[in-house]
Amino acid sequence: MPADRIDAQVAVIGAGQAGLSVAYYLRRLGLEPGVDQIILDRGPSTGGAWQFRWESLRLGVAHRVADLPGMQELGVSFDTADRSLPARQVVEEYYRRYEEHYDMRVVRPASVFRVENEGEALVVRYTAGESEHSLVARTIVNATGTWGSPFVPWYPGLDRFKGRMLHTAQYRSADALRGLDVVVVGGGTSAIGFVMELDEVAASVTWVSRRPVEWLHEQENLDTETAIAAVAAQEEAAREGRALPSIVSGTGVPLTRRMQAAIDRGALIRHPMFTSVEEHGVRFADGRFQRADVIIWATGFRPELRHLAPLRLREKAGGVTVTRSTSLKDPRVFFAGYGPTASTIGANRAGRTIAREVIAQLSRK
């Protein structure tokens, strides 16, 4: 492709934790934001997926939010942030200050819907407002995360349910479900948080999950060996192009004092998964019926990769083969926040490595 057709050396898709981490290190390696690297983000504001989280969620309740690299220059840290404020508000504000401080020049809202081959370069097609745009780059860093790809498992009768179904991505507040019969599905921290928030607000709350929850007591925490094994399982799946396993299923859920109090008062009782869905509720294996006006699916997410379909990176096993955060099928495509780098800490650690790999790839051209 002629040099005058290249808009940027790198297109970073996504300005959440992973995308900003890579962009920071690319900047340090000489790629100027808005010129050598273009950062596209579909959110209307800063904060990545956090800007869409529910109102009651506070920092410290869910998984820890790690500071972005170089955030100390701003004089702020998530470790000392105000925990009385909604987490989304704090993250949005800190990320806004971070982007301004490092002059990231993020293009938003920019929703990438397709990435195509064009000779030696890649064409990133996206919408901004009502217009479609194209960006030609030598490489891309895909940091789209999972929030835009919620997963809801299929159960017999699901299409006949006459009530309301919500996924974690659509949940906003317990007050919107006041006085209703609610079934919460899932064995992670989001499901547990919803159950506790709905207690004494909903008419009834029934919590179900496919497998029993492995509680980790506060004094136990998450032992290093278990954490390493969970991350290793993600890394192995990424290398083999398989669908990524759940981190929570391999590590357990930290049992906080608030959770223990809910268990003690009978508000946090987990039931085995139902076997089918009916018009007005769910049916269990023993024949018991539970009425439901609302089913909340806190069943996780899948990596958002639809826009990469034209590149044919997906394997028959269901995933993308990724080694050292680089696509095996196309070395111009890098993945940040995918597999073992999906956590906020993992994304930060991978940011420097990915940036160096990007520079190495560009130097080969």
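Shown above is the structure to which this text applies.
Summarised in this report is the structure supplied together with it. (Residues numbered from 1 in each chain as written. Predicted model: local features only at pLDDT ≥ 70, side-chain atom pairs only at ≥ 80, totals over all residues. Heavy atoms only, no water.)

Notes on the nonpolar core
Core analysis: the largest hydrophobic core is formed by 66 residues, its most contacted members being Phe78, Tyr98, Met104, Val141, Val184, Leu198 and Ile296. The dominant element in this core, judged by the number of residues it contributes, is helix H1 (residues 17-28), at seven residues. If we ignore the near neighbours within four places in the chain, the residues touching Phe78 are Leu59, Val65, Ala66, Asp67, Met71, Val90, Val91, Tyr94 and Tyr95. One finds Leu122, Leu305, Leu311 and Val333 within the second-largest nonpolar core, a separate group that totals 23 residues. (Core = buried A, V, L, I, M, F, W, Y, C linked by side-chain atoms within 4.5 Å. Buried < 20%, exposed > 50% of the residue type's maximum accessible area, 1.4 Å probe, protein only. Helix = DSSP H or I, 4+ residues; strand = E, 2+ residues; numbered from the N terminus. Contact = heavy atoms within 4.5 Å.)

Describing H1
An ideal rise of 1.5 Å per residue puts 16 Å on 12 residues; H1 measures up with 17 Å between its terminal C-alpha atoms. Counting buried residues along H1, 10 of its 12 residues qualify, which places the element largely inside the surrounding structure. For H1, the complete set of buried residues consists of Gln17, Ala18, Gly19, Leu20, Ser21, Val22, Ala23, Tyr24, Tyr25 and Leu26. Among the residues trailing H1, Gly30 stands out with phi positive, at a value near 105 degrees. (Expected span 1.5 Å × (residues − 1).)

Examining the pairing of strand E15 (residues 294-297)
For a regular strand, side-chain orientation follows a simple rule: the groups alternate between the two sheet faces. Both faces of E15 are covered, namely the face carrying Val294 and Ile296 and the face carrying Ile295 and Trp297. By the bridge criterion, four bridges tie strand E6 (residues 164-167) to E15 in an arrangement that is parallel. Counted as the bridge partner of Met165 is Ile295 from E15. Taken together, the four bridges between strand E7 (residues 181-185) and E15 define a ladder with parallel strand orientation. Each residue of the ladder has a partner; that of Val183, found in E15, is Ile295. (Pairing = 2+ DSSP bridges.)

Focus: the pattern of salt bridges
The tally for this structure, following the rule as stated, stands at 19 salt bridges. For Asp181, the salt bridge identified is with Arg291, shortest N-O distance 3.3 Å. Here the residue Asp181 occupies a position in strand E7, and Arg291 occupies one in strand E14 (residues 289-291), the gap between them amounting to 110 residues. On the basis of relative accessibility, which here comes to 40%, the residue Arg291 falls in the partly exposed class. With a closest N to O distance of 2.7 Å, Arg332 and Asp330 form a salt bridge. Of the two residues, Arg332 and Asp330, neither departs from the other in class, the shared state being buried. In this structure, a network of salt bridges that share partners links the residues Glu32, Asp103 and Arg105. (Salt bridge = Lys/Arg side-chain N within 4 Å of Asp/Glu carboxyl O.)

A look at the packing of aromatic side chains
Applying the stated criterion across every chain, the model contains 15 aromatic pairs. Ring geometry for Phe274 and Phe284: centres 6.5 Å apart, planes at 80 degrees, overall edge-to-face. Note that Phe274 is positioned in the loop between strand E11 (270-272) and strand E12 (276-278) and Phe284 in the loop between strand E13 (281-283) and E14, a separation of 10 residues in sequence. Given the relative accessible area of 5%, Phe284 is considered buried. Counting every residue linked through ring pairs, the aromatic cluster contains Tyr24, Tyr25, Tyr98 and Tyr102. Directly above the ring of Trp50 sits Arg53, whose terminal nitrogen or CZ lies 4.5 Å from the centroid. Against the face of Phe151 rests Arg302, its NZ or CZ located 3.8 Å from the ring centre. (Phe/Tyr/Trp six-rings, centres within 6.5 Å; stacked < 30°, edge-to-face > 60°. Lys NZ or Arg CZ within 6 Å of the ring centre and 35° of its normal.)

Looking at unusual backbone geometry
Trans peptide bonds make up the majority, and among non-glycine residues the majority have a negative phi. Here Arg108 and Pro109 are connected by a cis peptide whose omega angle stands at -10 degrees. On the secondary structure map, Pro109 appears in the loop between helix H2 (87-101) and strand E3 (111-118). Of note in this structure, Arg312 is not a glycine but carries a positive phi near 55 degrees. Within the secondary structure, Arg312 sits in the loop between E15 and strand E16 (322-323).

Any functional reading would require information that these geometric values do not contain.
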